[in-house]
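What the coordinates show
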Amino acid sequence: VVLFGHTAEYNNALADSHSNWPGRRNRPFNDVEVVQDLVTPTEQVFNALQNTLARVEHFGRTPLYEAIIQSIDLMVNRNDGFVGEQRVVIITDGEDNIFPFADGVAGNARAKGKLLVPNQFIHSPETPIKRAAGRVNLDFVSFNFDAKDDIAILERMAAESGGKVYKANNKDLAEQLRNSIARH
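Residues numbered from 1 in each chain as written. Predicted model: local features only at pLDDT ≥ 70, side-chain atom pairs only at ≥ 80, totals over all residues. Heavy atoms only, no water.

Here's the deal with empty space enclosed by the protein
- Enumeration over the complete set of coordinates arrives at 1 cavity of 30 Å³ or more.
- Quantified by volume, the largest cavity comes out at close to 40 Å³.
- Contributing to the lining of the largest cavity are Leu64, Tyr65, Gly94, Glu95, Asp96, Phe145, Asp150, Ile153 and Leu154.
- Those elements that place two or more of their residues in the lining of the largest cavity are α3 (64-76) and α6 (148-161).
- With 3 residues, the top contributor of residues to the lining of the largest cavity is α6. (1 Å grid on protein atoms, 1.4 Å probe; cavity = no way out; pocket = protein on both sides within 12 Å on 5 of 7 lines; lining within 4 Å. Points joined across faces, edges and corners; volume = space filled by probe spheres on them. Helix = DSSP H or I, 4+ residues; strand = E, 2+ residues; numbered from the N terminus.)

What to know about the confidence of the model for the protein chain
- Summary statistics for the protein chain give a mean pLDDT of 76 and a share of 71% for residues scoring 70 or more.
- In the model of the protein chain, helix α1 (residues 12-18) stands out as the element of lowest mean pLDDT, 49, in contrast to helix α5 (residues 126-132), which has the highest, 93.
- A low-confidence stretch, residues 18-24 stays under pLDDT 50, and its non-local contacts, those more than four residues away or across chains, total 12 contacts. (pLDDT = per-residue confidence, 0-100. Contact = heavy atoms within 4.5 Å.)

Remarks on helix α7 (residues 173-182)
- All of the buried residues along α7 are Gln176, Asn179 and Ser180. Around the axis of α7, the buried residues are gathered within 100° of arc, so they sit on the same side. Exposed side chains of α7 directed beyond 90 degrees from the buried face belong to Arg178 and Ile181.
- Contact partners of the buried residues in α7: β3 (87-92), β4 (137-143) and β5 (165-168).
- Just beyond α7, the residue with positive phi is Arg183, at close to 60°. (Buried < 20%, exposed > 50% of the residue type's maximum accessible area, 1.4 Å probe, protein only. Arc of directions from axis to C-beta.)

Examining the layout of surface pockets
- Looking at the largest pocket, its volume works out to about 1900 Å³.
- Lining of the largest pocket is provided by 46 residues; of these, Val1, Val2, Val89, Ile91 and Leu177 occupy positions nearest its centre.
- Within the residue set of the lining of the largest pocket, elements represented by two or more residues are β1 (2-4), α2 (43-54), α3, β3 and α7.
- For the lining of the largest pocket, a count of residues per class yields 29 nonpolar, 10 polar and 7 charged. (Nonpolar A, V, L, I, M, F, W, Y, C, P; charged D, E, K, R; others polar.)

Considerations on the pattern of salt bridges
- By the definition in use, this model includes 7 salt bridges.
- Among the charged side chains, a salt-bridge network with shared partners connects Glu85, Arg87 and Asp139. (Salt bridge = Lys/Arg side-chain N within 4 Å of Asp/Glu carboxyl O.)

As for the sheet that holds β5
- Pairing in this open sheet of 3 strands is parallel, and the strands run β3-β4-β5 from one edge to the other. Because the sheet does not close on itself, it has two edges, and the strands there are β3 and β5. Sheet twist, expressed as the mean angle between neighbouring strand axes with direction ignored, is 15°.
- Bridge analysis of β3 against β4 gives 6 bridges, and the strand direction is parallel. Looking across to β4, one finds that Val89 is bridged to Asp139.
- Against the sheet, α6 contacts β3, β4 and β5, and its axis sits at roughly 155° relative to β4. (Pairing = 2+ DSSP bridges. Axes fitted to C-alpha atoms, helices over the stretch in contact; angles between N-to-C directions.)

So, the side chain of Asp139
- Summarising the element assignment, Asp139 is placed in strand β4.
- Engagement of the side chain of Asp139 in a polar contact is seen with the side chain of Arg87, the distance being 3.1 Å.
- Setting aside its immediate chain neighbours within four residues, Asp139 contacts Arg87, Val88, Val89, Ile90, Gly163, Lys164, Tyr166, Ser180 and Arg183. (Polar contact = N/O pair within 3.5 Å; in protein donor to acceptor, adjacent residues only side chain to side chain.)

Here it is in structure tokens:
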């Protein structure tokens, strides 16, 4: 289980107050955290994960593409002998928006040489699509999406990777997550 966009914002003082991680605090472009490695799902694992997720606050920007890329890498690089379909289920309420400016890369250029977002974190939908190609299916549970352009991007990433989009609202989010896992 990978969480993203939950501890960092461009206001450093505010971001640092939300981050419990030691050392250098995360910024919106690298606000991605593995909270549960790939393991056999036992009751103890479920209970620990439920406790972790109960403490998560909705905060910050959405490094959606970076989180998907890291999740794909976790699946592809596993060494537990698993053979079969590999799938990443992404739950999101928004588009990738790691930049403090609406125009992203152009905002970096206006920063006069001081990059706001390191280039290795600048992605387009093509980056996770290429990373997943033929290896990992991407399923999305999108909730409270209003913008047609944003949902179209998720639908494209899902379709090109062999996945699917499950649309949800706050009332049926858990049901749509179960549907995605069961592949209904």
